[in-house]
Amino acid sequence: PKEQLPPEKPIIIKCRSPEKETFTCWWKPASAGGLLTKHTLLYSKEGEEKVYECPDYKTAGPNSCYFDKKHTSFWTIYNITVRATNEMGSNVSDPHYVDVTYIVQPDPPVNITLELKKSIKRKPYLVLTWSPPPQADVRSGWLTLEYELRLKPEEGEEWETIFVGQQTQCKMFSLNPGKKYIVQIHCKPDHHGLWSEWSPEMYIEIPTDF
Amino acid sequence: PKEQLPPEKPIIIKCRSPEKETFTCWWKPASAGGLLTKHTLLYSKEGEEKVYECPDYKTAGPNSCYFDKKHTSFWTIYNITVRATNEMGSNVSDPHYVDVTYIVQPDPPVNITLELKKSIKRKPYLVLTWSPPPQADVRSGWLTLEYELRLKPEEGEEWETIFVGQQTQCKMFSLNPGKKYIVQIHCKPDHHGLWSEWSPEMYIEIPTDF
Amino acid sequence: PICPNGSVNCQLSLEELFDRAVKLSHYIHYLSSEMFNEFDERYAQGRGFIAKAVNSCHTASLTTPEDKEQAQQIHHEDLLNLILGVLRSWNDPLIHLASEVQRIKEAPETILWKAVEIEEQNKRLLEGMEKIVGRVHSGEVENEIYTPWDGLPSLQLADEDSRLFAFYNLLHCLRRDSHKIDNYLKVLKCRLIHDNNC
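Fair warning: this is a prediction, and the values are worked out from it, not measured in the lab. (Residues numbered from 1 in each chain as written. Chains lettered and ligands numbered in written order. Predicted model: local features only at pLDDT ≥ 70, side-chain atom pairs only at ≥ 80, totals over all residues. Heavy atoms only, no water.)

Caption draft 1: Summary view of the overall build of chain C. Helix and strand counts for chain C come out as seven helices and zero strands. Reading the secondary structure of chain C in the N-to-C direction produces α-α-α-α-α-α-α. Against the globule reference of 16 Å for 198 residues, chain C gives a C-alpha radius of gyration of 18 Å, in line with a compact fold. Viewed in the frame of its principal axes, chain C has a C-alpha envelope of about 60 × 35 × 30 Å. In chain C, buried positions account for 55% of the 198 residues. Contacts in chain C between residues at least 24 apart in sequence constitute 85% of all its contacts with a sequence separation of at least 6. Within the structure as shown, chain C displays about 8800 Å² of accessible surface, and the carbon and sulfur contribution to it stands at 49%. Taken together, the 21 basic and 31 acidic charged side chains of chain C have centroids lying 3 Å from each other. (Helix = DSSP H or I, 4+ residues; strand = E, 2+ residues; numbered from the N terminus. Rg over C-alpha atoms; globule rule 2.2 N^0.38 Å. Buried < 20%, exposed > 50% of the residue type's maximum accessible area, 1.4 Å probe, protein only. Contact = heavy atoms within 4.5 Å. Areas by Shrake-Rupley, 256 points an atom, 1.4 Å probe, with all protein chains shown as cover. Lys, Arg positive; Asp, Glu negative; His and termini not counted. Charge placed at Lys NZ, Arg CZ, Asp CG, Glu CD.)

Below, the structure is given as structure tokens:
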């Protein structure tokens, strides 16, 4: 029969917070040689000896731990480990240090709209507007977002990225009339944190008389 | 001869603080039917019965009262009235309730400079920088200022305003090459107070190869 | 990366703690100010509440700095303790405000949501301030400064005018005290972290 071994070392993949109020960690289960293996997430907070167990293994799906508001503090660094145990023994992951402020990854911006602006004195130009992701928008002032958009001709290879800071609109002058473009936007908390996923691709066609 | 009457009711026009350390109130003198009329500003402070007289009628010019640092308290409601007196009698203005926290109107920002930044990876962009008004002590943290800039093409009508928060610089990307723009900046205390006047108009020309 | 050399003195710096405290105090005051303005516009116009709301905050007995000089001269440990005292003194009233405000006739959702959000964030800021004081305090933590609040009955008065004034006064005091906390934290941050060169 196959040799029965204690589980290998589990790996903590990442931890993310969508709105600086809660956060979730995911791990890659340890391969366990066919034996039933149980995973336990344990954590301690900086300057404290006490060790706590994951408050909620369910909400965020398999191999995950969800920390709700009550269990989320952004005044401390979490030292997180995952232990895999089967009948032959157990193995603990490397510690994963988490500072909630640094793992904020908002959802993408929404309500992207495009408007062609014609004005007497000036060349016509395009104005792209969008809204912050709903969860972040509710906390305006608490979560300040920055935006970056990218566009490229439909059949083009190279994206052109434009950083627009905290504005939720962007004027575009130098686009080729009659051409089709793909536009996407993503956002990030102003100081620390990670870029959201890109918004779904949006197709825009520049009128020939542009 | 013209009928001699007691003065009408004087009116307190406004009170302002330029740097959240002192403040000044101005009043519209009561019309006094040609008789010599004396104005007296009286005030009491929240939590005190005592009534005080204006500490300085001179520094801020006619029909004004200047409260220096020693006479200026924050988070305290001043109850201010102005009494007009002539030989026929006197009249008192309506009470003017003031908390100096909410009447801070700074001077405009200064030292506005513009720099064209070329970078390998990104499109060239413009960086506008400025300094807080000299009178405002932002270094100690007692006063925190927020800035907003506006710009428009030289012959354009419509200003575009950009709120930049507490930063004293702004990166501008989507500008029209070869175009001349007018830029102005103003500032306001964070949370409460009034926007300063706009800084003098500054002209910038975007290089054609921008 | 966070904690490059493992858990050896792996903790948030005082600067990081102050950055977060200031961002939070700024947000709490922004909400308190918005809530006061919304209530004032909707329920207090023409009732002359401002004249009555004089010297009636339950935290008035805490002697807090009233100008720049006082704020700069006070020792940072005393100012931190004062901030803690004001925050603690608001724990109780904020719990009741969040529940009582639901009973105001046609209270708009925006006021209701802010009352709950402020209560939560105030607790969070208190947690952070206790951490900062723990870091900064040299000696024994002094006796806890705290002023009790006995305003619940006035929020439940039958007479509408009196009840609305009680809410007005509480929101006026919350706006004032949250602004003090935000201002003092910005002064302390500039003093302790940036050597008065913000």
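Once you've had a look at it, read on.
Caption draft 2: Geometry of helix α4 (residues 76-100) of chain C. Residues and elements named next belong to chain C. Taking 1.5 Å as the rise per residue, α4 with 25 residues should run 36 Å; its terminal C-alpha atoms sit 36 Å apart, in good agreement. By the largest-angle criterion, asparagine 91 marks the main kink of α4, which is about 35°, and a proline, proline 93, follows within four residues. In terms of burial, α4 is largely enclosed, as 19 of its 25 residues are buried. (Expected span 1.5 Å × (residues − 1). Bend = angle between axes of the 7 residues up to and from the residue.)

Caption draft 3: Main features of the environment of isoleucine 103 of chain B. Residue and element names in this part refer to chain B. Along the chain, the position of isoleucine 103 falls in the loop between β8 (96-98) and β9 (110-117). Between the C-alpha atom of isoleucine 103 and that of aspartate 209, which follows or precedes it by 106 residues, the distance is 46 Å. Ignoring sequence-local partners within four residues, the contact set of isoleucine 103 consists of Cys15, Arg16, Ser17, Phe23, Val98 and Leu194.

Caption draft 4: Here's a closer look at the pattern of salt bridges. All chains considered together, the criterion is met by 25 salt bridges over all chains. A network of salt bridges, in which partner residues are shared, links Glu21 and Lys69 of chain A together with Glu120 and Arg124 of chain C. (Salt bridge = Lys/Arg side-chain N within 4 Å of Asp/Glu carboxyl O.)

Caption draft 5: Quick peek at the sheet that holds strand β11 (residues 145-153) of chain B. Residues and elements named next belong to chain B. Taken together, four strands build an open sheet; the order of strands is β12-β11-β14-β15 and the sheet is antiparallel. Both edges of this open sheet fall to β12 (160-165) and β15 (202-205), since each of them pairs with a single strand only. The mean angle between the axes of side-by-side strands here comes to 30°, regardless of whether they run parallel or antiparallel. As paired elements, β11 and β12 share five bridges and run antiparallel to each other. Across the sheet, residue tyrosine 147 finds its bridge partner in β12, namely glycine 165. (Pairing = 2+ DSSP bridges. Axes fitted to C-alpha atoms, helices over the stretch in contact; angles between N-to-C directions.)

Caption draft 6: Fine view of the packing of aromatic side chains. Overall, the coordinates contain 25 aromatic pairs over all chains when judged by the stated rule. With a centroid separation of 5.1 Å and 65° between ring planes, the pair formed by phenylalanine 23 of chain A and tyrosine 78 of chain A is classed as edge-to-face. Within this pair, whereas phenylalanine 23 of chain A is found in strand β2 (residues 23-28), its partner tyrosine 78 of chain A is found in strand β6 (residues 78-86), the two being separated by 55 residues in sequence. Relative accessible area serves as the criterion here: at 0%, tyrosine 78 of chain A is assigned to the buried category. A ring pair is formed by phenylalanine 67 of chain B and tyrosine 78 of chain B, whose centres lie 6.0 Å apart and whose planes are at 80°; its orientation type is edge-to-face. Of this pair, phenylalanine 67 of chain B sits in strand β5 (residues 64-67) while tyrosine 78 of chain B sits in strand β6 (residues 78-86); the two residues are 11 residues apart in sequence, bridging distant segments of the chain. Tyrosine 78 of chain B shares its class with phenylalanine 67 of chain B; the two are buried. (Phe/Tyr/Trp six-rings, centres within 6.5 Å; stacked < 30°, edge-to-face > 60°.)

Caption draft 7: Summary view of the interface of chain C and chain B. Each partner contributes to the interface: chain C provides 31 residues, whereas chain B provides 27 residues. For chain C, the biggest contributors to the area lost against chain B are Glu66, Lys68 and Arg176 of chain C; these three give 26% of the whole. Summed over the shared surface of chain C and chain B, the result is five salt bridges. Among the salt bridges present, the one from aspartate 99 of chain B reaches arginine 176 of chain C, with a minimum N-O distance of 3.9 Å. Counting the contacts that link chain C with chain B gives 15 residue pairs in polar contact (both at pLDDT 80 or more). Element by element, the count of residues in the side of chain C that touches chain B is highest for helix α7 (residues 160-192) of chain C, at 11 residues. (Buried area = accessible area lost by both parts, 1.4 Å probe. Polar contact = N/O pair within 3.5 Å; in protein donor to acceptor, adjacent residues only side chain to side chain.)

Caption draft 8: Main features of the state of the cysteines. Counted under the stated rule, the structure contains six disulfides over all chains. Here cysteine 57 of chain C connects covalently by a disulfide to cysteine 173 of chain C, the sulfurs 2.1 Å from one another. Handedness of the cysteine 57 of chain C-cysteine 173 of chain C disulfide follows from its S-S torsion of about -90°: it is left-handed. Of this pair, cysteine 57 of chain C sits in the loop between α2 (49-52) and α3 (68-73) while cysteine 173 of chain C is found in helix α7, placing the two residues 116 residues apart along the sequence. For the residue pair cysteine 57 of chain C and cysteine 173 of chain C, the accessibility class agrees, reading buried in each case. Taken in sequence order, the bonded cysteines of chain A link in the pattern 1-2, 3-4. Left without a disulfide partner, cysteine 170 of chain A is nearest to the cysteine sulfur of cysteine 170 of chain B, which lies 13 Å away. Judged by its relative accessible area of 6%, cysteine 170 of chain B falls in the buried class. (Disulfide = S-S within 2.5 Å.)

Caption draft 9: Quick look at the packing of α4 of chain C against helix α5 (residues 109-136) of chain C. Residue and element names in this part refer to chain C. Interhelical geometry of α4 versus α5 gives an angle of 155° and a closest axis separation of 9 Å. Here α5 runs roughly antiparallel to α4, going by the angle between their axes. Our pair here, α4 against α5, has a crossing hand that is left-handed. Class assignment for the residues of the contact of α4 with α5 results in 18 nonpolar, four polar and five charged. (Parallel < 35°, antiparallel > 145°, perpendicular 65-115°, else oblique. Left-handed = near helix turned anticlockwise from the far one by under 90°. Nonpolar A, V, L, I, M, F, W, Y, C, P; charged D, E, K, R; others polar.)

Caption draft 10: Layout of the side chain of threonine 147 of chain C. Residues and elements named next belong to chain C. With respect to the helices and strands, the residue threonine 147 is situated in the loop between α5 and α6 (152-155). Given a relative accessible area of 4%, threonine 147 falls into the buried group. Engagement of the side chain of threonine 147 in a polar contact is seen with the backbone oxygen of histidine 58, the distance being 3.3 Å. Setting aside residues up to four positions removed in sequence, threonine 147 forms contacts with His58, Thr59, Ser61, Leu62 and Ser89.

Caption draft 11: Seen up close, the sheet that holds strand β14 (residues 180-189) of chain A. Residue and element names in this part refer to chain A. With respect to topology, four strands assemble into an open sheet ordered β12-β11-β14-β15, the strand pairing being antiparallel. Across the chains shown, the open sheet's two edge strands, defined by having one partner strand only, are β12 (160-165) and β15 (202-205). When strand polarity is set aside, the average angle formed by the axes of neighbouring strands in this sheet is 30°.

Caption draft 12: Main features of the interface of chain A and chain C. In this assembly, 24 residues from chain A lie in contact with 25 residues from chain C. Both faces combined, the contact of chain A with chain C buries some 2100 Å², and carbon together with sulfur accounts for 55% of it. The largest contributions to the chain A side of the interface with chain C come from Trp75, Tyr97 and Trp142 of chain A, which together make up 38% of the buried area. The tally of links from chain A across to chain C stands at six salt bridges. Close ionic contact of lysine 131 of chain C with glutamate 46 of chain A constitutes a salt bridge, the shortest N to O distance being 2.9 Å. One can count 13 residue pairs in polar contact (both at pLDDT 80 or more) joining chain A with chain C. Tallied by class, residues from the side of chain A that touches chain C come to seven nonpolar, 10 polar and seven charged.

What is shown is where atoms sit, not what they do.
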